[in-house]
Amino acid sequence: MFHGKRSPREMGATEVEAFLTHLAVDEEVASATQNQA
């Protein structure tokens, strides 16, 4: 949902990094969960 339902295979490193940062900062996801993602 974060990038309009696009597959991670279609995204670049910058977009994946933005999603992981969103998880950590905005959603307060645990670091272990972020590492798995």
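Values in this document were obtained by computation on a predicted structure and should not be read as measured data.

Thresholds applied
Residues numbered from 1 in each chain as written. Predicted model: local features only at pLDDT ≥ 70, side-chain atom pairs only at ≥ 80, totals over all residues. Heavy atoms only, no water. Helix = DSSP H or I, 4+ residues; strand = E, 2+ residues; numbered from the N terminus. Contact = heavy atoms within 4.5 Å. Salt bridge = Lys/Arg side-chain N within 4 Å of Asp/Glu carboxyl O. Buried < 20%, exposed > 50% of the residue type's maximum accessible area, 1.4 Å probe, protein only.

Caption draft 1: View of the side chain of His22. Inspection of the secondary structure puts His22 in helix α1 (residues 13-25). Discounting chain neighbours no more than four positions away, the residues touching His22 are Phe2 and Glu27.

Caption draft 2: Representation of the pattern of salt bridges in the model. Within the structure shown, the criterion is met by one salt bridge. Across the pair Glu15 and Arg6 runs a salt bridge whose closest N-O atoms are separated by 2.7 Å.

Caption draft 3: Unusual backbone geometry, seen in detail. At Glu28, a position not held by glycine, the phi torsion is positive, near 50°. With respect to the helices and strands, Glu28 occurs in the loop between α1 and α2 (31-36). Glu28 gets classed as exposed once you look at its relative accessible area, which sits at 66%.

Caption draft 4: Structural view of the environment of Phe2. Looking at the secondary structure, you find Phe2 in the segment before α1. Accessibility expressed as a relative area gives 38% for Phe2, which makes it partly exposed. As for Phe2 and Phe19, which are separated by 17 residues in sequence, their C-alpha atoms are 6.8 Å apart. Residues contacting Phe2, with those up to four places away along its chain left out, are Ala18, Phe19 and His22.

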